[in-house]
Amino acid sequence: MNAPQSRVGVLGGTFDPIHHGHLAAASEVCAQLRLDQVLLVPANGQPFKQGFDSAPAEHRLEMCRLAAEHDDRFAVSAVDIERGGVTYSVDTLTDLLAQLPDTSLYFIAGADTLSRVDQWRDPERLMELAQFVGVARPGHSLPESDVAHAWVEVPELAVSSTDIRRRVRSGAPIRYLVPHAVADYISHHDLYAGGIDD
């Protein structure tokens, strides 16, 4: 008798920086779909964010590790950063399946992102590699979609990476918007203190 496949969520993104909104979404999807784990996968470079002034990949990867270290449901994969170049989801999922045989992948994405899947590289192949999970805010109608395997309502937190970067530049506190270890890391490495923003 074959062992049951592991059920692993994949939450990719720039994570510049990772914040409590990302973690709340990962937690909710993990609980509702009874996943064994959610992988946080920071992008090396995103095709829709070319010219975007982001923190170096090694810092974004380490912030993800710090955010995940106290929750056994979360793990971090450097697969996109190790590959280098522009990150395409089809490459992410292909590489993860090669590393994780006998695993069913659940690709987690926001409703706005899923509406643009036809613009991604090799969308037909994407559908073969993973089941897509759409996340939406409470009270918003869940879109009709041929792409999403499931829709999950996630807690709505008024936090964004863009806002966090701007708050750092203006000297405003970020302590309760990101995990404490991430806030300390940003301060210690003087991230987001200058430069242009998106």
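The structure this text deals with has already been given above.
Draft legend 1. Structural context of unusual backbone geometry. The step from Asp 16 to Pro 17 runs through a cis peptide bond, and the omega angle for that step is 5°. With respect to the helices and strands, Pro 17 occurs in the loop between strand S1 (6-13) and helix H1 (20-32). Positive phi, close to 55°, is recorded for Arg 34, a residue that is not glycine. Tracing the sequence through the fold places Arg 34 in the loop between H1 and strand S2 (37-42). The phi dihedral of Asp 122 falls on the positive side, at around 50°, and the residue is not glycine. The residue Asp 122 is located in the loop between helix H5 (111-114) and helix H6 (123-129) in this model. Take Asp 122: its relative accessible area is 39%, and that puts it in the partly exposed class.

Draft legend 2. Region of the structure containing the packing of aromatic side chains. Applying the stated criterion across every chain yields a total of 3 aromatic pairs. Taking the centre distance of 5.1 Å and the plane angle of 40° together, the rings of Phe 107 and Phe 132 count as tilted. Within this pair, whereas Phe 107 is found in strand S4 (residues 103-110), its partner Phe 132 is found in strand S5 (residues 131-136), the two being separated by 25 residues in sequence. Given the relative accessible area of 8%, Phe 107 is considered buried.

Draft legend 3. Up close: the packing of helix H2 (residues 57-68) against helix H8 (residues 180-188). Put simply, H2 and H8 touch, their axes get as near as 8 Å, and they point 155° apart. Accordingly, the angle class assigned to the pair H2 and H8 is roughly antiparallel. Of the two possible hands of crossing, H2 and H8 adopt the one that is right-handed. Where H2 abuts H8, its residues Glu 58, His 59, Glu 62, Met 63, Leu 66 and Ala 67 lie against Ala 181, Val 182, Tyr 185 and Ile 186. For the contact of H2 with H8, a count of residues per class yields 7 nonpolar, 1 polar and 2 charged.

About the criteria used
- Residues numbered from 1 in each chain as written.
- Predicted model: local features only at pLDDT ≥ 70, side-chain atom pairs only at ≥ 80, totals over all residues.
- Heavy atoms only, no water.
- Helix = DSSP H or I, 4+ residues; strand = E, 2+ residues; numbered from the N terminus.
- Buried < 20%, exposed > 50% of the residue type's maximum accessible area, 1.4 Å probe, protein only.
- Phe/Tyr/Trp six-rings, centres within 6.5 Å; stacked < 30°, edge-to-face > 60°.
- Axes fitted to C-alpha atoms, helices over the stretch in contact; angles between N-to-C directions.
- Parallel < 35°, antiparallel > 145°, perpendicular 65-115°, else oblique.
- Left-handed = near helix turned anticlockwise from the far one by under 90°.
- Contact = heavy atoms within 4.5 Å.
- Nonpolar A, V, L, I, M, F, W, Y, C, P; charged D, E, K, R; others polar.

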